Amino acid sequence: MEQEMAQGKLSVIATPIGNLGDITFRGLWNLKEANVIYAEDTRVISKLLTHYGLRKSVFRLDAATETKKAAEIIARLEAGEHVALVSDAGTPGISDPGARLVAAVREALPEAKIEAIPGPSALTAALSISGANMEQFTFLGFLPHKKGRQTALKKIAGAEYPVVLYESPHRILKLLKELNAVAPHARVTIARELTKIHEEVLVGAPLEIAETLEKKKAVRGEFVVIIEAKN
Ligand code: SAM
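Quick caveat, the model's predicted, so the values are computed rather than measured.

J.: In this structure, what is going on with the site of the ligand? I would like to understand it.
T.: Neighbouring the ligand are 19 residues; Ile 94, Asp 96, Ser 121, Ala 122 and Phe 223 lie closest to it. Note that an oxygen atom of the ligand is positioned 2.9 Å from one of the backbone N or O atoms of Thr 91. Here Glu 222 contributes a side-chain N or O atom positioned 3.3 Å from a nitrogen atom of the ligand. About the coverage of the ligand: the protein hides 92% of its 570 Å² of free accessible area. Of the residues in the shell around the ligand, the class split is ten nonpolar, four polar and five charged. Residue assignment places the shell around the ligand across two domains, with domain 1 (9–120) and domain 2 (123–228) each supplying three or more.

J.: Is there a simple way to explain the domain arrangement of the protein chain in this structure?
T.: Often the size quoted for an interface is simply the accessible area lost on bringing the parts together. You can read the domains of the protein chain as domain 1 (9–120) and domain 2 (123–228). Using C-alpha coordinates to define each centre, domain 1 is positioned 29 Å away from domain 2. Between domain 1 and domain 2, the contact holds six residues from the first and eight residues from the second. With both chains or domains summed, domain 1 and domain 2 bury close to 530 Å², and 62% of this area falls on carbon and sulfur atoms. The tally of links from domain 1 across to domain 2 stands at one residue pair in polar contact (both at pLDDT 80 or more). Looking at side-chain class alone, the side of domain 1 that touches domain 2 contains two nonpolar, three polar and one charged residues.

J.: What am I meant to see in the sheet that holds strand β5 (residues 113–117) here?
T.: The strands that make up a sheet pair up through hydrogen bonds in the backbone, lying either parallel or antiparallel. Taken together, the five strands give an open sheet; going across it, the order is β3-β2-β4-β1-β5, and neighbouring strands pair in parallel fashion. Every interior strand has two partners, whereas the edge strands, β3 (58–60) and β5, have only one. Direction aside, the axes of adjacent strands within the sheet are offset by 25° on average. Pairing of strand β1 (residues 9–13) with β5, which is carried by five bridges, proceeds in the parallel orientation. Following the sheet pairing, Leu 10 is matched in β5 by Ile 114. Along the sheet face, helix α2 (residues 25–33) touches β1, β2 (36–39), β4 (82–86) and β5 and points at about 135° away from the line of β5. Strand contacts of helix α3 (residues 42–51): β2, β3 and β4, with the helix running at about 155° to β3, the strand carrying the most contacts.

Criteria and thresholds
Residues numbered from 1 in each chain as written. Predicted model: local features only at pLDDT ≥ 70, side-chain atom pairs only at ≥ 80, totals over all residues. Heavy atoms only, no water. Near = heavy atom within 4 Å. Polar contact = N/O pair within 3.5 Å; in protein donor to acceptor, adjacent residues only side chain to side chain. Areas by Shrake-Rupley, 256 points an atom, 1.4 Å probe, with all protein chains shown as cover. Nonpolar A, V, L, I, M, F, W, Y, C, P; charged D, E, K, R; others polar. Domains from an automatic or database assignment. Contact = heavy atoms within 4.5 Å. Buried area = accessible area lost by both parts, 1.4 Å probe. Pairing = 2+ DSSP bridges. Helix = DSSP H or I, 4+ residues; strand = E, 2+ residues; numbered from the N terminus. Axes fitted to C-alpha atoms, helices over the stretch in contact; angles between N-to-C directions.

The following block contains the structure:
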């Protein structure tokens, strides 16, 4: 126990995926109490901190710097500091940096406390309003852009359980057209701009959703895509 205290603490904190109200009291408390915050983009976290009247030192830890920054964070934990880790949105480590840092800390400091401060994730938010049977599902995050993409699409088309993906606005139409090629009768749910003003859920065959999106002036926002090939 004493050793745990001496080695500091790493709090992995979920932050809002749009609506700044979506952070837990415990999340805010830990952001306030931490000696230092590591964030994927310091500007994004600064907006959240300002909203809640918190002034803190924020350092950058993104996918490119995660491994390099691990040594620095391990040194802080060894010195007894409380370190908070956040990503741009939602839960760190879910299609976001975090896992490599946590693994490095576990290896270097097996006794150090690493705590989860749970909260929003686009994944669980989308699932909760999809209406799809999510007793079992596969989460694939972002599909590979090139190598392995066709294989992944075929797997999705043959999947027994729903498959959940993340997708960016400039690739969503391409994805829907690819899904139409491999699984034209799939039931697809897209959850767009969750917790934001333009939150929207569309359900239909891949081509139907593509047509609906194409009617809009511009395809904007962030998307979670749920594909039920066997519906
Ligand atoms: N760690 C995050 C989480 O727990 O949800 C995910 C980060 S990942 C880099 C970003 C992707 O998550 C976006 O491209 C989109 O697919 C999804 N996403 C994030 N915020 C969203 C929102 N408000 N509505 C819909 N999808 C969202």
